[in-house]
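Structural features, examined
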Amino acid sequence: MPPKNANMQKITAICENLAKKLNYELCDAAMEKEPTGRYLRIYIDTETGVTLDDCEKFHRAVQPMLEPFDYDFLEVCSPGIDRPLKTQRDIDKSIGLLVEAKMYKPVEGRKSAQGLLREMNDEHVLLQNGDEEIDLPRKAVAQVRLVPDLSALDEDDEA
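Residues numbered from 1 in each chain as written. Predicted model: local features only at pLDDT ≥ 70, side-chain atom pairs only at ≥ 80, totals over all residues. Heavy atoms only, no water.

1. Quick notes on the overall build of the protein
What counts, and what does not: Think of it this way: any DSSP run of H or I at least four residues long counts as a helix, any run of E at least two long counts as a strand, and we number them from the N terminus. Note on exposure labels: buried denotes an accessible area under 20% of the residue type's maximum, exposed denotes more than 50%, and partly exposed covers the range between, all computed with a 1.4 Å probe on protein chains only. Contacts were defined at the residue level, with two residues in contact if any of their heavy atoms lie within 4.5 Å. Values of accessible area rely on a 1.4 Å probe in the Shrake-Rupley scheme; residue burial ignores everything except the protein chains shown. Lys and Arg are tallied as positive, Asp and Glu as negative. Neither His nor the chain termini are counted. Charge coordinates come from a single atom per side chain, which is NZ of Lys, CZ of Arg, CG of Asp or CD of Glu.
Per the secondary structure count, the protein includes four helices and eight strands. When its helices and strands are written in sequence order, the protein yields α-β-β-α-β-α-β-β-β-β-β-α. On the principal axes, the C-alpha backbone points of the protein span a range of 55 × 45 × 30 Å. A burial count over the protein gives 38% of its 159 residues as buried. Contacts spanning at least 24 positions in sequence make up 49% of the contacts within the protein whose residues lie at least 6 apart. Of the roughly 10000 Å² of accessible surface on the protein, 50% is carried by carbon and sulfur atoms. A gap of 8 Å separates the mean positions of the 21 positive and 32 negative side-chain charges of the protein.

Below is the structure:
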């Protein structure tokens, strides 16, 4: 994760401790400025995903702990099925899954690449797309995120 200011480090530590206590994984905590104000967004997850009830439970527990900090709105969310890979845990859980890497600027003529994640570290992002091995310099990659497998939804529509 990128370095955070002192307040965000404190907020992250509070959220991390609470997440462990309540059996959630803290995926991220971010302060995002929008036209309507400053949003403190906390992303939690579990092995089986999170529900609206999980988000509400975490929100009610963490809100009093975060009163000393300056923000306008508090949101507790799921990172989503197309979550960006930010932590080593995210990366480890995503090995072998379909991801999309987006680059800051084109690398070998491409601005993005899709494939099964084989490896991701400080040096490179290694993807497998059929017979093609795509080895991208990590410093050129802006973001890697999961690509949702929606094929099961298509099968349900046909039934």
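2. A closer look at the nonpolar core
Applicable threshold: Only buried residues count toward a nonpolar core. Its members are Ala, Val, Leu, Ile, Met, Phe, Trp, Tyr and Cys residues joined through side-chain atoms within 4.5 Å.
Leu40, Ile42, Phe58, Val62 and Leu66 are the most contacted members of the largest nonpolar core, which has 21 residues in total. The set of elements that each furnish at least two residues to this core consists of α1 (6-21), β1 (25-34), β2 (37-45), α2 (52-62) and β3 (73-77). Ignoring any residue separated from it by four or fewer positions in sequence, one finds leucine 66 in contact with Ile11, Ile14, Leu40, Ile42, Tyr71 and Leu74. Ranked by size, the runner-up nonpolar core spans 17 residues in total, among them Val99, Leu127, Ile134 and Leu136.

3. Let's talk about the layout of surface pockets
Worth spelling out the cut-off: Here a cavity denotes a set of grid points, spaced 1 Å apart and computed over the protein atoms alone, in which a 1.4 Å probe fits but from which it cannot get out, and a pocket denotes an open set meeting protein on both sides within 12 Å along at least five of seven lines; residues with an atom within 4 Å of a point are reported as lining. Grid points are joined across faces, edges and corners, and a volume is the space filled by probe spheres set on the points. When residue character is reported, Ala, Val, Leu, Ile, Met, Phe, Trp, Tyr, Cys and Pro are called nonpolar, Asp, Glu, Lys and Arg charged, and the others, Gly included, polar.
Its volume calculated, the second largest pocket comes out at about 230 Å³. What lines the second largest pocket is simply Asp45, Thr46, Glu47, Thr48, Gly49, Ser78, Pro79, Gly80, Ile81, Arg83, Lys93 and Leu146. Looking at the lining of the second largest pocket residue by residue, the class counts come to three nonpolar, five polar and four charged.

4. Considerations on α1
Convention followed: Multiplying one less than the number of residues by 1.5 Å gives the expected span of a helix. Read the arc as the range of directions from the helix axis to the C-beta atoms. Residues adjacent in sequence count toward polar contacts only when both atoms are side-chain atoms; beyond that, a polar contact is any pair of N or O atoms within 3.5 Å, and within protein one must be able to donate a hydrogen and the other to accept it.
Taking 1.5 Å per residue, 16 residues should reach 22 Å; α1 reaches 23 Å between its end C-alpha atoms and fits that length. Looking at α1, one finds that the buried residues are Met8, Ile11, Thr12, Cys15, Leu18 and Ala19. Projected down its long axis, α1 carries its buried residues within an arc of 135°, all on one side. Turned more than 90 degrees away from the buried face of α1 sit Asn17, Lys20 and Lys21, all of them exposed. Here the buried face of α1 lies against β1, β2 and α2. Sitting at the amino-terminal end of α1 is asparagine 5, which places a side-chain oxygen 3.1 Å from the backbone nitrogen of asparagine 7. Of the residues flanking the end of α1, it is asparagine 23, one or two places downstream, whose phi is positive at about 65°.

5. Some remarks on the sheet that holds strand β6 (residues 124-129)
The line we're drawing: Whether two strands pair comes down to DSSP finding at least two bridges between them. To get an axis, a line is fitted to the C-alpha atoms, and for a helix only the part in contact is used. The angle between two axes follows their N-to-C directions and goes from 0 to 180 degrees.
If you walk across this open sheet you meet the five strands as β7-β6-β5-β4-β8, and the pairing is antiparallel. In this open sheet, the two edge strands, each paired with only one partner strand, are β7 (132-137) and β8 (141-146). Pairwise comparison of adjacent strand axes, ignoring direction, gives a mean angle of 40° for this sheet. Sheet topology places strand β4 (residues 98-107) next to strand β5 (residues 110-120); six bridges connect them, and they run antiparallel. Across the sheet, lysine 102 pairs through a bridge with serine 112, a residue of β5.

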